[in-house]
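# Notes for the structure review
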Amino acid sequence: MTTSTDPVTTTRTMLAVDGLTVGYAGAPVLDGLVLDIAPGAVVALLGANGAGKTTLLRSISGLVAPRSGTILLDGQDLTGISVEDRARRGLAQVPEGRSVVAELTVEENLHLGALWKIPGRRARRTAVAELYDQFEPLARRRRSLGHQLSGGERQMLALARALVARPRVLLLDEPSLGLAPRVVAQLMTTLRDTAQRTGLTVLLAEQNVTSALSIADRGVVLGLGEVVADAPAAAIAADPALRHAYLGF
Ligand code: ATP
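Attention here is on the structure that accompanies the text. These figures come from a predicted structure and were not determined experimentally.

Turning next to the layout of surface pockets. For the largest pocket, the calculated volume is near 520 Å³. In terms of lining residues, the largest pocket is bounded by 24 residues, among which Ala87, Ala92, Gln93, Trp116 and Ala162 are the most central. Looking at the lining of the largest pocket, the element that brings in the most residues is helix α2 (residues 83-88), giving five residues. Residue composition of the lining of the largest pocket, by class: 13 nonpolar, five polar and six charged. Taken as a whole, the second largest pocket holds about 260 Å³ of empty space. Looking at the lining of the second largest pocket element by element, the count peaks at four residues for helix α4 (residues 121-134). Of the residues that constitute the lining of the second largest pocket, the class distribution is seven nonpolar, five polar and four charged.

Spelled out as structure tokens, the structure:
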């Protein structure tokens, strides 16, 4: 396994996964997985269909209970911590499927995202206004209902709604799925800019390897229940044997 190089020179780890074993029935999907992510790093989580990317994200956010192993968020053990409390501590997950509330406007969806985390209507309005600076297409559609948005706009709204609560770590599951290449490029650029500006740590699970690596500092490849490669994004992109063995192209 190649060793990693994070862009941020620090000994601190924002997310530390150690010996994580997770399964549903029968053989584990993740088997003793180890992964460290530095604060502010954008990490592309790659692997073939069924490699366990979603399972890893759901284990971190607390939606799936591991059989064994530990997950630390900024040094704090998350074992036994509920999904809600993990979110309060700074974890946000955008699941596959870009779900937004179809009968609410863009603005109402964003306020909903801020409601439980930011006390006070004025503070919430400020947080939403700040987001519009980053997500201009959403600002233009602020009065539109969720069901009136295009797929790309809905994905952008799902992302923005997670960010309005100002998480420290964002877990994103296949945001590019079903979107046109131009829309994917815009989404990835927005994500990279946001991470750079705010110091957000991102774990981005993607089948769209090229897009994910284009904005990531690091690529982590899952295979056979563990991390089979962990290296700078450019090194993963330039490794044909790895791509062929684990990424299917
Ligand atoms: P994809 O890229 O296709 O979304 P993935 O890498 O995200 O795949 P997972 O969705 O984590 O992989 O699935 C890993 C394995 O666990 C697969 O074999 C899948 O069928 C199985 N699995 C996932 N969720 C469940 C569940 N709720 N119950 C039983 N098995 C599951």
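Looking now at the site of the ligand. By nearness alone, every residue bordering the ligand is listed as Tyr24, Val29, Ala48, Asn49, Gly50, Ala51, Gly52, Lys53, Thr54, Thr55, Glu174 and Gln207. Between an oxygen atom of the ligand and a side-chain N or O atom of Asn49, the distance comes to 2.9 Å. Gly50 places a main-chain nitrogen or oxygen 2.9 Å from an oxygen atom of the ligand. Burial of the ligand by the protein chains amounts to 56% of its free accessible area of 630 Å². Taken together, the residues of the shell around the ligand sort by class into four nonpolar, six polar and two charged.

Soluble globular proteins: nonpolar side chains tend toward being buried together. Residues Leu46 and Leu170 are the most contacted members of the largest nonpolar core, which totals 50 residues. When residues of this core are assigned to their parent elements, the largest contribution, seven residues, is made by helix α6 (residues 151-163). What Leu170 contacts, discounting residues up to four positions off in sequence, is Ala92, Val94, Leu159, Ala162, Leu163, Leu191, Leu200, Thr201, Val202 and Leu203.

Relative to the elements of secondary structure, Gln155 occurs in helix α6. Dropping the residues within four chain positions of it, Gln155 is found in contact with Val94, Arg98, Pro175, Leu179 and Leu187.

Once that is clear, we can look at unusual backbone geometry. In this model, Arg166 sits at a positive phi of 55°, which is unusual for a non-glycine residue. Turning to its location among the elements, Arg166 is positioned in the loop between α6 and β7 (169-173). Classification of Arg166 by relative accessible area gives partly exposed; the value is 47%. Positive phi, close to 55°, is recorded for Leu224, a residue that is not glycine. Mapping Leu224 onto the fold places it in the loop between β9 (218-223) and β10 (226-232).

Moving on: the packing of α6 against helix α7 (residues 181-198). Where α6 meets α7, the closest approach of the two axes is 10 Å, and the angle between their N-to-C directions is 15°. It follows from the interaxial angle that α6 and α7 lie roughly parallel. Along this stretch, α6 crosses α7, giving a crossing that reads as right-handed. Between α6, through Gly152, Gln155, Met156, Leu159 and Leu163, and α7, the contact on the second element is made entirely by Val183, Gln186, Leu187, Thr190, Leu191 and Thr194. Residue classes in the contact of α6 with α7 are distributed as six nonpolar, five polar and no charged.

What follows covers the sheet that holds strand β1 (residues 15-22). Ordered in space as β2-β1-β4-β5, the four strands form an open sheet in which the pairing is antiparallel. Unpaired on one side and paired on the other, β2 (30-37) and β5 (76-77) mark the two borders of the sheet. Summarising the sheet, β1 and β2 pair through five bridges and their orientation is antiparallel. Bridge pairing links Val17 to Leu35 in β2. Here helix α1 (residues 53-61) sits on the sheet in contact with β1, β2 and β4 (68-73), set at roughly 115° to β1.

Criteria and cut-off values
Residues numbered from 1 in each chain as written. Predicted model: local features only at pLDDT ≥ 70, side-chain atom pairs only at ≥ 80, totals over all residues. Heavy atoms only, no water. 1 Å grid on protein atoms, 1.4 Å probe; cavity = no way out; pocket = protein on both sides within 12 Å on 5 of 7 lines; lining within 4 Å. Points joined across faces, edges and corners; volume = space filled by probe spheres on them. Helix = DSSP H or I, 4+ residues; strand = E, 2+ residues; numbered from the N terminus. Nonpolar A, V, L, I, M, F, W, Y, C, P; charged D, E, K, R; others polar. Near = heavy atom within 4 Å. Polar contact = N/O pair within 3.5 Å; in protein donor to acceptor, adjacent residues only side chain to side chain. Areas by Shrake-Rupley, 256 points an atom, 1.4 Å probe, with all protein chains shown as cover. Core = buried A, V, L, I, M, F, W, Y, C linked by side-chain atoms within 4.5 Å. Buried < 20%, exposed > 50% of the residue type's maximum accessible area, 1.4 Å probe, protein only. Contact = heavy atoms within 4.5 Å. Axes fitted to C-alpha atoms, helices over the stretch in contact; angles between N-to-C directions. Parallel < 35°, antiparallel > 145°, perpendicular 65-115°, else oblique. Left-handed = near helix turned anticlockwise from the far one by under 90°. Pairing = 2+ DSSP bridges.

Spatial relationships are all this shows, so hold off on functional conclusions.
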